[in-house]
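Here is how the chains run, residue by residue.
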Number of protein chains: 2
Amino acid sequence: MDAVARARSDGADLVVFAEQAISGVPAYELLNKVNFLDQCEDALVEIASCCDGISALVGLPVQEGRRTVSAAAFIQNRKIMGYITRRHVSERDDAPFLYAGRGREFIQVGGQTIAVVVGEDIMYPDEFSGHVDAVVNVGSSKYARQRIEKRYERFGNMAYRLGTNVVFVNQVGANTDVIFDGSSAAFNGEGKPLALLAGFSEDYRVVELDGSQPPVEIPYQDKTRNVYNALRLGLGDFFRKNGYTQACLGLSGGIDSAVVAALAVEVLGAENVRVLLMPSQFSSDHSVEDAMQMVRTLGMQYDTVPITDVYRTVVGAMAPVFGDRTEFGVTEENIQARIRGVLLMALSNKFGHILLNTSNKSELALGWGTLYGDHTGMLSVIGDVYKSEVFDLARYINREAEIIPENILLKAPSAELRPEQKDTDYLPPYDITDSVIYRMIEEGQSREEIINAGFDAEVVHKIYAMILRNEQKRRQFCPTLRVSTCPFGVLRVMPITSKYGF
Amino acid sequence: MDAVARARSDGADLVVFAEQAISGVPAYELLNKVNFLDQCEDALVEIASCCDGISALVGLPVQEGRRTVSAAAFIQNRKIMGYITRRHVSERDDAPFLYAGRGREFIQVGGQTIAVVVGEDIMYPDEFSGHVDAVVNVGSSKYARQRIEKRYERFGNMAYRLGTNVVFVNQVGANTDVIFDGSSAAFNGEGKPLALLAGFSEDYRVVELDGSQPPVEIPYQDKTRNVYNALRLGLGDFFRKNGYTQACLGLSGGIDSAVVAALAVEVLGAENVRVLLMPSQFSSDHSVEDAMQMVRTLGMQYDTVPITDVYRTVVGAMAPVFGDRTEFGVTEENIQARIRGVLLMALSNKFGHILLNTSNKSELALGWGTLYGDHTGMLSVIGDVYKSEVFDLARYINREAEIIPENILLKAPSAELRPEQKDTDYLPPYDITDSVIYRMIEEGQSREEIINAGFDAEVVHKIYAMILRNEQKRRQFCPTLRVSTCPFGVLRVMPITSKYGF
């Protein structure tokens, strides 16, 4: 409502809000609840009542017949004139809950003809080419690594090819795992940017589409900074929108929990982040010392709870069951990780701190985490970030001061669940391993393609088998802030029961 | 291939396989993998090579352009004549992975004209009405409570209205959580059933569509028996198709774990089911005794591992963290449940038994389980079965002999996580609570509708709030055998971050 008033006083003819601005995205099952849709309509009527002497496009879900479609309501001078509805619904979060609408429509505003398209309909320019003064996309495009620069390029090219203004208005903010980066933009018919709105925060801009406005420069998009900002927005909105204030996590002295702790302190404040140090007999001295140094630097509340006694009691209780199978193995490694899960959840339950998960995407791909152990948490902060990117994030966090102890960045990654364990015991260093995983997951390359690109065949087959085998674990993983086009989780689903690939 | 040979030797003109018979359903991401689609095509070519002197319809996913559609390949005399592709793709498991095809097409077989429709296209009879000798549906319709009888009714009515034969060929078997019940059927133009194939197992039948075949009777469909058979099929196929043989679970002396144990023994054999009894200080004598009686009756391998020592060690380790918050509460209840999770997973890791989850749908709705505690498991057997239905299943299991001790059916349900705890401490008995949950979840009724139907307003609001609040827990739950139209889990998704309803 404030935005409408501001736009009117700035003399704008049309104010545009994002796709499903009223409902939030994704609304999943709510899109099929009549009383939810009624509430959305009530909000629309209230917005319309403010549109005195101004037109508006407002995204919301509406029912046509008994089918819910994603629409942009067109409001003119306080009257809801009609709805432009989205035709293409292949986007995965929405697809099971939305039906296809009619696609682009033309509206007349201030003597100009504008083609309005909702959501991914903008990907089908053949459907709205023809002479118009502008194309307006009421959009909701999620953040993904390097997507901002790709979007700029695509919209610029589209505007140039269509020879008309293209205005893209995006959602901004996060809903649990889904992050919208904003970065709304307007391009003129020469493909030049007229306005580039803020990324990762709300923004407002008046754009003249009559050719009078000079183009602006596209600033450099730093990949790591954008991922960092996306995670910061995602973490912040998860807490703010759910009414949470305090977080907890386990701090191991490794880089993953260090990065998550630094992000949490940045977003929530040190006074709202509480950590547990849970050393075992296999924890190295430097791990405990590195963790302690971070606690001191950031000023977080911490407790040290060694897990050795609990571990011995569990193994003792199971001794009659295990019988002569007393050799130390994966079972015993997992017991340690699960005890840590029990202790963290106990802290969370007792004081109401929201447990943050600290797994990274490389581990999730390879199945190196322990289900119900280090897989615990209400939100995974870096579960869509490769291990090598976690190092990038750590360096970015340390750009001005040593927040994460340098030693954590330098030492070899280890789960420290058995003596002298290193992540590289079984696979090559992360720069190689991550490249292979990235090609498989994000680029959908086959084993043959990856081997032909020069990677070791044995390593490729090993990683491939590990990824396939661990779908079961990933299926029970917590919601994960998404920063890639192929996040594991609810919607990147492989069959658990499958002979494929073996 | 055997079926083709058999059909040919029986003199059939056309042999029909189910939708995606070659790929399995749901194949999720695999539907976008080129080498998977290639393997499906290879299998089709092999089937075609056997179709000497016979026509066939075989379901598989195919690519049209770069878009994967669900198709029925039409084979005539060893030649693949073409593909009929599914037009309507709203079914939730498939929707994000499949594009819309062209819909029904006509084929000529043995001098007859047949309309072929794939999958849910059969729900749109307006699109294939007109004069044909038969409608054949290459289908994959999941099992859900009472769906078999509804399907018979729908197909009978459809055949009557169209005035022609309607043949429905369904998938049979389970893939992780999804269960196909088979129950293929043929109806003549008077709406009378000509053939009703087996439910929950593979079957084969030759049907004459020239009016010469007399109709058959529709047998009585016992609701509990069908649910039991669905769970049996689901559990069996999960183990068989994944190459698993042995299961483990926690046996508490309550009805949920009793029913799961009985099902597991029925499906896998007593020698392949291993149970842990994990009493705490709050376990009643009768619970341990009832569990022991079941162990003896079924002859399962068992161990008793009291959790008291581990519980004391955990609480002792956390004592400095808890400080003066020493009162016994939800934290302490959850610690007990989570220790049981740790012990069960240790058993599973050590010996390779697959852990079966024993939560029921009422608990999952209300959030009464403990995340990482009794929520652990690779497969939830009764997570889509209401508590009151669990009692029905127990009585069905006991129909010939007392497999589940009668005392378990008679005593009041309790989590036994604190002294004298009963499930009815907080909510009415399960027949009432389940009715309210059922109306909310399966029938999508609003609070007002349920209160108007005569339920206590306070109870309705309480249950409603509990269901909404616990989406977060359900999101991390294990795959669940589905026997309802509204199973929780991967595809029945509400936003976690939402102000809706509060």
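Residues numbered from 1 in each chain as written. Chains lettered and ligands numbered in written order. Predicted model: local features only at pLDDT ≥ 70, side-chain atom pairs only at ≥ 80, totals over all residues. Heavy atoms only, no water.

**Q** Can you lay out the overall build of chain A for me, pointing to particular residues and giving the numbers?
**A** Secondary structure assignment for chain A yields 15 helices and 17 strands. Over its C-alpha trace chain A gives a radius of gyration of 25 Å, about what one expects of a compact globule, namely 23 Å for 502 residues. Burial analysis of chain A (502 residues in total) assigns 60% to the buried set. Of all intrachain contacts in chain A linking residues separated by at least 6 positions in sequence, the fraction that spans at least 24 positions is 66%. If you sum the accessible surface of chain A, you get close to 19,700 Å²; carbon and sulfur atoms cover 47% of it. (Helix = DSSP H or I, 4+ residues; strand = E, 2+ residues; numbered from the N terminus. Rg over C-alpha atoms; globule rule 2.2 N^0.38 Å. Buried < 20%, exposed > 50% of the residue type's maximum accessible area, 1.4 Å probe, protein only. Contact = heavy atoms within 4.5 Å. Areas by Shrake-Rupley, 256 points an atom, 1.4 Å probe, with all protein chains shown as cover.)

**Q** Summarise the packing of aromatic side chains; cite the residues concerned and give the values.
**A** Using the criterion set out here, one finds 23 aromatic pairs over all chains in the structure. Plain terms: the ring middles of B:Phe239 and B:Tyr244 are 5.9 Å apart, the flat faces sit at 80 degrees to each other, and that makes the pair edge-to-face. Taken together, a centroid distance of 5.8 Å and an interplanar angle of 55 degrees make the contact between B:Tyr386 and B:Tyr438 tilted. Residue B:Tyr386 is found in the loop between β17 (379–380) and α10 (387–397), and its partner B:Tyr438 is found in helix α12 (residues 430–441); the two are separated by 52 residues along the sequence. Under the relative-accessibility criterion, B:Tyr386 is labelled buried at 2%. Grouping aromatic residues by their ring pairs yields a cluster made of A:Phe238, A:Phe239 and A:Tyr244. Cation over ring: A:Arg274 sits above A:Phe351, and NZ or CZ is 4.5 Å from the ring centre. The ring of A:Phe322 is capped by B:Lys350, whose NZ or CZ atom sits 4.9 Å from the centre of that ring. (Phe/Tyr/Trp six-rings, centres within 6.5 Å; stacked < 30°, edge-to-face > 60°. Lys NZ or Arg CZ within 6 Å of the ring centre and 35° of its normal.)

**Q** For helix α7 (residues 308–322) of chain A, give the residues involved together with the corresponding values.
**A** The largest bend in α7(A) amounts to roughly 30 degrees and is located at A:Gly316, with the proline A:Pro320 lying one to four residues further along. Turning to α7(A), its buried residues are A:Thr308, A:Val310, A:Tyr311, A:Thr313, A:Val314, A:Ala317, A:Met318, A:Val321 and A:Phe322. Looking at the buried positions of α7(A), the neighbouring elements they touch are α8 (330–351) of chain A together with β14 (273–277), β15 (301–304), α7 (308–322) and α8 (330–351) of chain B. Downstream of α7(A) by one or two residues, A:Gly323 has phi in the positive range, about 60 degrees. (Bend = angle between axes of the 7 residues up to and from the residue.)

**Q** Can you explain the relation of the copies chain B and chain A? Please cite residues and give values.
**A** Superposing chain B onto chain A takes a rotation of 180 degrees plus a shift of 0.0 Å along the axis, which leaves an RMSD of 0.0 Å. On the angle and the small slide along the axis, the relation comes out as a two-fold axis. Of the C-alpha atoms belonging to chain B, the one lying closest to the rotation axis is found on B:Gln476, 2.3 Å away. Both copies contact each other with a shared surface, as 100% of the interface residues of chain B are interface residues in chain A too. (Least-squares fit on C-alpha atoms with pLDDT ≥ 70 in both.)

**Q** Explain helix α5 (residues 255–268) of chain A residue by residue, including any values.
**A** Residue and element names in this part refer to chain A. An ideal rise of 1.5 Å per residue puts 20 Å on 14 residues; α5 measures up with 20 Å between its terminal C-alpha atoms. Judged by how many residues are buried, α5 sits mostly within the fold: 12 of 14 residues are covered. Buried residues of α5: Ile255, Asp256, Ser257, Ala258, Val259, Val260, Ala261, Ala262, Leu263, Ala264, Val265 and Leu268, and no others. In the segment just after α5, Gly269 is the residue with positive phi, at about 90 degrees. (Expected span 1.5 Å × (residues − 1).)

**Q** Pulling in residues and values, what's your account of the interface of chain B and chain A?
**A** Listed as interface residues are 75 residues of chain B and, on the opposing side, 75 residues of chain A. Here chain B meets chain A over a buried area of about 6,900 Å², counting both sides, of which 62% is carbon and sulfur. Inspection of the chain B/chain A interface yields 2 salt bridges. Across the pair A:Lys350 and B:Glu332 runs a salt bridge whose closest N-O atoms are separated by 2.7 Å. Between the two partners, chain B and chain A, sit 18 residue pairs in polar contact (both at pLDDT 80 or more). (Buried area = accessible area lost by both parts, 1.4 Å probe. Salt bridge = Lys/Arg side-chain N within 4 Å of Asp/Glu carboxyl O. Polar contact = N/O pair within 3.5 Å; in protein donor to acceptor, adjacent residues only side chain to side chain.)

**Q** Quick one: what's the story with the nonpolar core, residue by residue and with numbers?
**A** Counting residues in each nonpolar core, the largest one holds 186 residues, and the members touching the most others are A:Val259, A:Ile404, B:Val259 and B:Ile404. If we skip the residues at most four places from it in the chain, B:Val259 touches B:Ile382, B:Val390, B:Leu393, B:Ala394, B:Ile397 and B:Ile404. Counting residues in hydrophobic clusters, the runner-up holds 51 residues, among them A:Leu468, B:Leu31, B:Val58 and B:Val62. (Core = buried A, V, L, I, M, F, W, Y, C linked by side-chain atoms within 4.5 Å.)

**Q** Help me get a handle on the environment of A:Pro487, residues and values and all.
**A** All names here are of chain A. The topology assignment puts Pro487 in the segment after α15 (471–475). When its relative accessible area of 14% is taken as the criterion, Pro487 is described as buried. Sequence-wise, Pro487 and Arg325 are 162 residues apart; in three dimensions their C-alpha atoms are separated by 38 Å.

**Q** For the pattern of salt bridges, give the residues involved together with the corresponding values.
**A** Per the stated rule, a full pass over the model turns up 58 salt bridges over all chains. Across the pair B:Asp181 and B:Arg151 runs a salt bridge, and its minimum N-O distance is 2.7 Å. Here B:Asp181 is found in strand β10 (residues 178–181), whereas its partner B:Arg151 is found in helix α3 (residues 147–162), with 30 residues between them in sequence. As far as the burial class goes, B:Asp181 and B:Arg151 line up, both buried. When the shortest N-O distance is used, the salt bridge between B:Arg296 and B:Glu289 registers 3.1 Å. We classify B:Glu289 as partly exposed; its relative accessible area is 41%. Because the salt bridges share partners, they merge into one network encompassing A:Arg145, A:Lys361, A:Asp384, A:Glu389 and A:Glu442.

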